[in-house]
Number of protein chains: 2
Amino acid sequence: VIGIDAGGTKLLGGVISADLVVHHRVHRLWRGADRAEVLDIMVEAVEEVRAAAPDVDAVGFGIPSLVDHDRGVSLSSVHLPLEDVPFRDLMSERLALPVFVDNDTNVAVLAEQRHGAARGARHVVMLTLGTGIGGGLVLDGQVYRGTLGAAGEIGHMTVELDGPAHPGDCTNRGCLEALVSGTAIGREGWEAGQEYPDSELGKALARGREITGALVTELAHDGDETARAVLATAGARLGAGIVSVVNLLNPEVVVLGGGVLAAGELVLAPARAVVAERALRPSGAAVRIEPAHFGEEAGMLGAAVMALEESA
Amino acid sequence: VIGIDAGGTKLLGGVISADLVVHHRVHRLWRGADRAEVLDIMVEAVEEVRAAAPDVDAVGFGIPSLVDHDRGVSLSSVHLPLEDVPFRDLMSERLALPVFVDNDTNVAVLAEQRHGAARGARHVVMLTLGTGIGGGLVLDGQVYRGTLGAAGEIGHMTVELDGPAHPGDCTNRGCLEALVSGTAIGREGWEAGQEYPDSELGKALARGREITGALVTELAHDGDETARAVLATAGARLGAGIVSVVNLLNPEVVVLGGGVLAAGELVLAPARAVVAERALRPSGAAVRIEPAHFGEEAGMLGAAVMALEESA
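Definitions and limits used
Residues numbered from 1 in each chain as written. Chains lettered and ligands numbered in written order. Predicted model: local features only at pLDDT ≥ 70, side-chain atom pairs only at ≥ 80, totals over all residues. Heavy atoms only, no water. Helix = DSSP H or I, 4+ residues; strand = E, 2+ residues; numbered from the N terminus. Rg over C-alpha atoms; globule rule 2.2 N^0.38 Å. Buried < 20%, exposed > 50% of the residue type's maximum accessible area, 1.4 Å probe, protein only. Contact = heavy atoms within 4.5 Å. Buried area = accessible area lost by both parts, 1.4 Å probe. Salt bridge = Lys/Arg side-chain N within 4 Å of Asp/Glu carboxyl O. Least-squares fit on C-alpha atoms with pLDDT ≥ 70 in both. Lys, Arg positive; Asp, Glu negative; His and termini not counted. Phe/Tyr/Trp six-rings, centres within 6.5 Å; stacked < 30°, edge-to-face > 60°. Expected span 1.5 Å × (residues − 1). Axes fitted to C-alpha atoms, helices over the stretch in contact; angles between N-to-C directions. Parallel < 35°, antiparallel > 145°, perpendicular 65-115°, else oblique. Left-handed = near helix turned anticlockwise from the far one by under 90°. Nonpolar A, V, L, I, M, F, W, Y, C, P; charged D, E, K, R; others polar. Pairing = 2+ DSSP bridges.

Caption draft 1: Up close: the overall build of chain A. Along the backbone of chain A there are 11 helices and 12 strands. Against the compact-globule benchmark of 20 Å for 312 residues, chain A has a radius of gyration of 20 Å, which places it among compact chains. Overall, chain A is about 60 × 50 × 35 Å in size when its C-alpha atoms are taken along their principal axes. Counting the 312 residues in chain A, one finds 59% classified as buried.

Printed below as a string of structure tokens:
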């Protein structure tokens, strides 16, 4: 099958066999493309890899949209011009192949649950911590989508009643995303650099460097205690958010992916400690908190897994 | 069938027909009973109603335990001495009837989803706001139990990172239960009474009355603005907790039950307003927030529904 991860800025695709080996790859960017152009780029990307593997049986797409999975319709998207697009039927007609489509975070958690960090677990929660925080759920072995396909927005759970707002469409305050995303870590790093000018973080700030989550992580890995403290705080707050999900859903595995996880144990260890301290027994004792296995390719692989399963 | 709701302090049971009419009822208290006595009381209660309706086909039990539903085992309980009890097999042998058992909050949400406030909805979240806060989930039309049967603990989601602790086994801080339970409303009412001695709440405090959630609600219904403000704050905080569940699970209906709901719109209206303001579109726009239909009998009726469905 062909798996396509159509993210907000780029497309990543490949021909993928049942054992999840990627045989051919394709990349595309769609800066500024309108609806027709975005769909054309997707078709071209599929045709490119299909030329190298003409015997594919189906195509799976993960798209950054609210998706009605049963009807294969992209209802709305804040990242691509895909509002009210009968995506599955349209693509299936243009490609003359069976097409399957779901939200990109749903296919990412599917990849991790079927073949990755949560392999073998029936109940899995995934958080992708990048600029924002995405999430997906596999419950009772199936992707859980909720009433409209909008489920899994773990980044927008309230963890601080009167906490800060964050950029984007979310009108909540004190979301996990406002406190623990890469953006939030950069902001906390800036504040810590102001407060501790002698730290490496403070020196970077004095040199005029932009304080991003990635820079905080780099300085923390280099041993800067101030940067480490910023990550420890973020990890503890992440843990408090995971406590909510653990107490509500009693999952077997919580998978953490995205750029923030470059911090590794500097974020994971405090998160695990807070879950151990604050989650209810027995849910807290039973859950495993694991870094994602697939990284950037989770969406492409999960789209392929969906196509393999649903075309079978 | 016979439905039995075995709560922390009392048992409520009845003979219930497929149209959910209650034909005979039984009540029991078990103050201080040990394990053998609790089980004896349950058997006697079943036998009492069975004598009036000898043709029952099965018995359903809702018990205040962590339940392994597939094996019918009560794994642990903070309310009754039912640790590691092979409940289903033991009761089935003593009663010579098919027996089905689940956690009491799971059968309550089942009753509301099959026949009550959330009838016809596939994805339902229920919160029972009393001394503490209980919860249950129906996802994709089925009771969702999680890995160990511990799912649904909505009252122990973190809504305030460094918020107060609350009595009980939960080691979290800033739980919904610490902020919005009947106990929390009583505590906030006490504080408001101290601050506003001329309010009815303040006068009640000066007369030496115990400030409970029920008293705050009574004074609010009588028009005391201070008591109304306490309930409005509780409702807004409840709303912020519901935002978490709505963003995570995209349910069709959130059902609110328990003693706190005696406050009616004084709590519901601010909760709904916060969900409308702070939840993500489209999940927030799609969800209905409804008072429970069944009140105190939800557990008994849900235990009967479970027995009807699983013995069919």
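Caption draft 2: Region of interest: the interface of chain B and chain A. With 45 residues of chain B at the contact, the number on the chain A side is 45 residues. Overall, the association of chain B and chain A removes approximately 3900 Å² of surface from exposure, summing both partners, and the carbon and sulfur fraction of that is 55%. It is Leu161, Leu248 and Arg278 of chain B in chain B that bury the most area against chain A; as a group they hold 21% of the surface buried on that side. Where chain B meets chain A, there are 2 salt bridges. Here Arg173 of chain B ties to Glu277 of chain A by a salt bridge, and the two come within 3.3 Å at their closest N and O atoms.

Caption draft 3: Just the relation of the copies chain B and chain A, in detail. Mapping chain B onto chain A calls for a screw motion: a turn of 180° about the axis and a shift of 0.0 Å along it, with 0.1 Å RMSD after fitting. As the rotation angle and translation indicate, the two copies are arranged about a two-fold axis. Residue by residue, 100% of the interface of chain B is reproduced at the interface of chain A, so both copies engage with the same surface.

Caption draft 4: Molecular detail of the pattern of salt bridges. Residues and elements named next belong to chain A. This model, assessed by the stated rule, comprises 32 salt bridges over all chains. Where Arg25 meets Glu297, a salt bridge forms, and the shortest distance between an N and an O atom there is 2.0 Å. Of this pair, Arg25 sits in strand S3 (residues 22-29) while Glu297 sits in the loop between strand S12 (288-291) and helix H11 (298-310), and the two are 272 residues apart along the sequence. Glu297 sits in the partly exposed class, given a relative accessible area of 24%. Taking the shortest distance from any N to any O, the salt bridge between Glu290 and Arg288 comes out at 3.2 Å. In this structure Arg288 comes out as partly exposed when scored by relative accessible area, which is 35%. Here the salt bridges do not stand alone but share partners, grouping Arg187, Glu188 and Arg237 into one network.

Caption draft 5: The arrangement of the side chain of Asp104 of chain B in detail. Residues and elements named next belong to chain B. Along the chain, Asp104 falls in helix H3 (residues 104-115). An unpaired buried charge is present at Asp104: no salt bridge exists, and Lys10, the closest side chain of opposite charge, is 11 Å distant. Dropping the residues within four chain positions of it, Asp104 is found in contact with Asp5, Gly62, Ile63 and Pro64.

Caption draft 6: Broad picture of the packing of aromatic side chains. Residue and element names in this part refer to chain B. Summed over the entire model, instances satisfying the criterion amount to 2 aromatic pairs over all chains. Both rings, one in Phe61 and one in Phe87, keep their centres 4.9 Å apart while their planes meet at 80°; by these two values the pair is edge-to-face. Residue Phe61 is found in strand S4 (residues 59-63), and its partner Phe87 is found in helix H2 (residues 87-95); the two are separated by 26 residues along the sequence. With respect to class, Phe61 is no different from Phe87; both count as buried.

Caption draft 7: Main features of the side chain of His123 of chain B. Residue placement: His123 of chain B occurs in the loop between H3 and strand S8 (124-129). When its relative accessible area of 5% is taken as the criterion, His123 of chain B is described as buried. Filtering out sequence-adjacent residues up to four positions away, His123 of chain B remains in contact with Tyr144, Gly146 and Thr147 of chain A together with Val138, Leu139, Asp140, Asn250, Pro251, Glu252 and Val253 of chain B.

Caption draft 8: Looking closely at helix H11 (residues 298-310) of chain B. Residues and elements named next belong to chain B. Its 13 residues place the ends of H11 18 Å apart at the C-alpha level, agreeing with the 18 Å of an ideal helix rising 1.5 Å per residue. In terms of burial, H11 is a largely internal element, 10 of the 13 residues being buried. For H11, the elements touching its buried residues are strand S1 (2-6), strand S2 (10-16), strand S3 (22-29), S4, strand S7 (99-103) and H3.

Caption draft 9: Structural detail: the packing of helix H5 (residues 182-195) of chain A against helix H8 (residues 225-249) of chain A. Residue and element names in this part refer to chain A. With their axes 10 Å apart at the nearest point, H5 and H8 run at an angle of 140° to one another. Put simply, H5 runs oblique to H8. Two packed elements cross with a definite hand, and for H5 against H8 that hand is right-handed. Taken together, the residues of H8 that come into contact with H5 (itself represented by Ile185, Glu188, Gly189 and Ala192) are Thr226, Val230, Leu231, Ala234 and Arg237. Split into classes, the residues belonging to the contact of H5 with H8 amount to 5 nonpolar, 2 polar and 2 charged.

Caption draft 10: Geometry of the pairing of strand S6 (residues 73-76) of chain B. Residues and elements named next belong to chain B. Bridging between strand S5 (residues 66-68) and S6 involves 3 bridges; their strand directions are antiparallel. Within S6, the residue paired with Leu66 across the bridge is Ser76. A loop of 4 residues connects S5 with S6, the two strands running antiparallel in sequence, and Gly72 in this loop sits at a positive phi of about 70°.

Caption draft 11: Focus on the environment of Ile16 of chain B. Its place among the elements puts Ile16 of chain B in strand S2. Other than its neighbours up to four places away in sequence, Ile16 of chain B contacts Val1, Gly3, Val21, Val22, Met300, Leu301 and Ala304 of chain B.

Caption draft 12: How the structure looks around the sheet that holds S8 of chain B. Residues and elements named next belong to chain B. One open sheet accounts for 5 strands, arranged S10-S9-S8-S11-S12; its pairing is mixed. Bordering the open sheet on either side are strand S10 (142-143) and strand S12 (288-291), each of which pairs with just one other strand. Each of S8, strand S9 (133-139), S10 and strand S11 (253-257) is contacted by H3, which is oriented at about 55° to S9, the strand it contacts most. Against the sheet, helix H9 (residues 265-278) makes contact with S11 and S12, and its axis sits at roughly 165° relative to S12, the strand it touches most.

Caption draft 13: Just the sheet that holds S3 of chain B, in detail. Residues and elements named next belong to chain B. The mixed open sheet is built from 5 strands, whose spatial order is S3-S2-S1-S4-S7. Two strands lie at the open edges of the sheet, namely S3 and S7, each paired on one side alone. Averaged over all pairs of adjacent strands, the angle between strand axes in this sheet comes to 15°, irrespective of strand direction. As defined by bridge partners, S2 adjoins S3 across 7 bridges and the pair is classed as antiparallel. Paired with Gly13 across the bridge in S3 is Val26. Sitting on the sheet, helix H1 (residues 35-52) touches S1, S2, S3 and S4, and the angle it makes with S3 is about 155°.

Caption draft 14: Focus on unusual backbone geometry. Residue and element names in this part refer to chain A. In the segment running from Arg281 into Pro282, the intervening peptide bond is cis, with an omega of 0°. Among the secondary structure elements, Pro282 is positioned in the loop between helix H9 (265-278) and helix H10 (283-286). One non-glycine residue, Asp84, lies in positive phi territory at about 55°. Following the sequence through the fold, Asp84 ends up in the loop between strand S6 (73-76) and helix H2 (87-95). Judged by relative accessible area, Asp84 falls into the exposed class, the value being 53%.

Remember, this is a structural readout, not a statement about activity or role.
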